[in-house]
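# Summary of structural features
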Amino acid sequence: MLAASRIALRDGLRASAAIHSSIRQAALTSGVSSQFPLRPSNNSRSCPSRRRFSHTAPAAAKEQVSVTFVKPDGSQVTAKSKVGENLLDIIIDNDVDIDGFGACEGTLACSTCHLIFKQEDFDSLPEEATDEELDMLDLAYGLTDTSRLGCQVCMTKKLDGLVVKVPEGVNDQR
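About the cut-offs
Residues numbered from 1 in each chain as written. Predicted model: local features only at pLDDT ≥ 70, side-chain atom pairs only at ≥ 80, totals over all residues. Heavy atoms only, no water. Helix = DSSP H or I, 4+ residues; strand = E, 2+ residues; numbered from the N terminus. Buried < 20%, exposed > 50% of the residue type's maximum accessible area, 1.4 Å probe, protein only. Contact = heavy atoms within 4.5 Å. Areas by Shrake-Rupley, 256 points an atom, 1.4 Å probe, with all protein chains shown as cover. Pairing = 2+ DSSP bridges. Axes fitted to C-alpha atoms, helices over the stretch in contact; angles between N-to-C directions. Patch = residues over 30% accessible without salt bridge, like charges linked within 9 Å, V, L, I, M, F, W, Y side chains within 5 Å. Salt bridge = Lys/Arg side-chain N within 4 Å of Asp/Glu carboxyl O. Lys, Arg positive; Asp, Glu negative; His and termini not counted. Charge placed at Lys NZ, Arg CZ, Asp CG, Glu CD. Core = buried A, V, L, I, M, F, W, Y, C linked by side-chain atoms within 4.5 Å.

### Focus on the overall build of the protein
A tally of regular secondary structure across the protein gives four helices and five strands. Reading the secondary structure of the protein in the N-to-C direction produces α-β-β-α-β-α-α-β-β. When each of the 174 residues of the protein is scored for burial, the buried share is 41%. Long-range contacts, defined as pairs at least 24 residues apart, comprise 67% of the intrachain contacts of the protein with a sequence gap of at least 6. Of the accessible surface of the protein, which amounts to about 9,300 Å², a share of 52% is contributed by carbon and sulfur atoms.

Structure follows, in structure tokens:
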């Protein structure tokens with residue numbers, strides 16, 4: 001029963017992502033302005049994400065980067081993506097199977113995309129956590145000094161080869 005729920009959640013996230021992508025593509029081809037986001041942004045970050053409209057992708061977005069996710073059982077999954085994608089989108093786009101991950105779909109309304117970074121990687125992240133992210137992190141399971149929410153960390157060329165740890169559990173307080 002629990003496995004069926006997980007599969008349904010994952011399929012729902014994929015369907016939602018496909019719908020958002022279709023809407024964005026239709027808006028871009030019809031010339032809709034980038035001032036009409038698909039959903040309101042919860043912060044003022046400049047991280048290009050598939051959750052916002054944009055007329056043109058930044059030149060850097062064409063560069064490929066990789067990130068390795070270390071699951072609680074010790075297994076590792078390496079995923080490739082474009083510069084500018086956030087870690088939550090990378091997990092969804094690459095079908096990385098992590099139980100309960102990204103329940104709010106990146107709206108900064110839960111802490112299920114909690115990831116743990118090595119200190120040197122954490123220090124090299126381009127942006128610090130916002131107050132909203134810190135509030136959600138307070139609810140995260142297994143919180144550390146180097147914890148961040150995957151939906152708020154965007155890949156840069158400098159982060160290529162990043163290795164992050166997935167905590168042993170999630171705490172969904174939605």
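### Notes on the sheet that holds strand β3 (residues 114-117)
Read from one edge of the open sheet, five strands run β2-β1-β5-β3-β4, paired in mixed fashion. Of all strands in the sheet, those with a lone pairing partner are β2 (76-82) and β4 (147-149), marking the two edges. Adjacent strand axes in the sheet meet at a mean angle of 35 degrees, parallel and antiparallel pairs treated alike. Across two bridges, the pairing between β3 and strand β5 (residues 162-165) is antiparallel. By the bridge assignment for β5, I116 is matched with K165.

### Thoughts on the side chain of S66
Inspection of the secondary structure puts S66 in strand β1 (residues 64-70). Once residues within four sequence positions are removed from consideration, S66 is found in contact with T78, A79, K80, M155, L159, D160, G161 and L162.

### Quick word on a negative patch on the surface
A cluster of like negative charges, contributed by D131, E132, D135 and D138, occupies part of the molecular surface. Checked against the element boundaries, D131 lands in helix α4 (residues 131-137).

### Thoughts on the pairing of β2
Sheet analysis places β1 next to β2, joined by seven bridges and oriented antiparallel. Each residue of the ladder has a partner; that of V65, found in β2, is S81. Where β1 folds back onto β2 in an antiparallel hairpin, the turn is made up of five residues, including G74, whose phi is positive at roughly 95 degrees.

### Overview of the environment of I98
The residue I98 is located in the loop between α2 (87-93) and β3 in this model. Given the relative accessible area of 12%, I98 is considered buried. Taking C-alpha positions, I98 is 9.3 Å from P72, a pair spaced 26 residues apart along the chain. Setting aside its immediate chain neighbours within four residues, I98 contacts K71, I91 and V166.

### Things to note about the nonpolar core
Grouped together as the largest cluster of nonpolar side chains are 29 residues, with contacts concentrated most on V67, F69, L87, L115, F117, M155 and L162. F117 has contacts with L87, F122, L125, T146, R148, V153, L162 and V164, leaving out every residue within four places of it along the chain.

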